[in-house]
Amino acid sequence: ARLPRDAWRERSRERACPAAMAAPTDRVYVADLPPGTDEATVQAVFAAYGNVKWCKKLGGNNALVQFQSPDEAKWIVDNLNGNIAQGFSTPITCEYSTGGGAKGAGPAWSPGCGKGGMGCGMGGGMG
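Notes on the structure in this doc start here. Remember, predicted model here, so these are calculated numbers, not experimental data.

Note that strand β2 (residues 52-57) and strand β3 (residues 63-67) share five bridges and pair antiparallel. Pairing of Lys 56 across the sheet is with Leu 64, part of β3. Between β2 and β3, which follow one another and run antiparallel, lie five residues, and Gly 60 among them has a positive phi close to 65 degrees.

For the structure on display, the rule yields two salt bridges. Close ionic contact of Arg 27 with Asp 26 constitutes a salt bridge, the shortest N to O distance being 3.5 Å. Summarising the burial analysis for this pair, Arg 27 and Asp 26 share the class buried. Two residues, Lys 74 and Asp 78, come together in a salt bridge whose shortest N-O distance is 2.5 Å.

As a further point, take the pairing of strand β4 (residues 93-96). Each regular strand shows side chains that alternate between the opposite faces of the sheet. Of the two faces of β4, both are covered, the one formed by Thr 93 and Glu 95 as well as the one formed by Cys 94 and Tyr 96. Pairing of strand β1 (residues 27-31) with β4, which is carried by four bridges, proceeds in the antiparallel orientation. Bridge assignment links Val 28 to a residue of β4, and that residue is Tyr 96.

The subject of this paragraph is the nonpolar core. Grouped burial of nonpolar side chains is what soluble globular proteins tend to show. Grouped together as the largest cluster of nonpolar side chains are 20 residues, with contacts concentrated most on Val 28, Val 30, Phe 46, Val 65, Phe 67, Ile 92 and Cys 94. Going through the elements one at a time, β1, α2 (39-47), β2, β3, α3 (70-80) and β4 are the ones with two or more residues in this core. Of the residues forming this core, the biggest block, four residues, is contributed by α3. Beyond its immediate stretch of four places on either side in the chain, Phe 67 contacts Asp 26, Val 28, Phe 46, Gly 50, Asn 51, Val 52, Lys 53, Glu 72, Ala 73 and Ile 76.

Rules used throughout
- Residues numbered from 1 in each chain as written.
- Predicted model: local features only at pLDDT ≥ 70, side-chain atom pairs only at ≥ 80, totals over all residues.
- Heavy atoms only, no water.
- Pairing = 2+ DSSP bridges.
- Helix = DSSP H or I, 4+ residues; strand = E, 2+ residues; numbered from the N terminus.
- Salt bridge = Lys/Arg side-chain N within 4 Å of Asp/Glu carboxyl O.
- Buried < 20%, exposed > 50% of the residue type's maximum accessible area, 1.4 Å probe, protein only.
- Core = buried A, V, L, I, M, F, W, Y, C linked by side-chain atoms within 4.5 Å.
- Contact = heavy atoms within 4.5 Å.

Structure below.
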């Protein structure tokens, strides 16, 4: 039985990158933020969608946002990934963060294999 083209791509992505299948966590890695976005803007935009525990603006147009619950983070990934969040002018990429970490310790993160070419295995302490 042949898989539909989209299912084949997704299955290939899963095999190539275990991070793509990361279990839902309360942390979301956000990429493709509009140029010039600062940490306060990230906090304000995502606070409109859920209870933000903390956020950290990373290098480039990326950020890490931790929500009060995995359910809130899941809603963000399911509904904002590839879409324009209220308060932004361009589509963003949202994926579960696969690293551990806590505020003050510099959150560890891994952006998975999404847009931006970071690839699997990238990550580590940032901050």
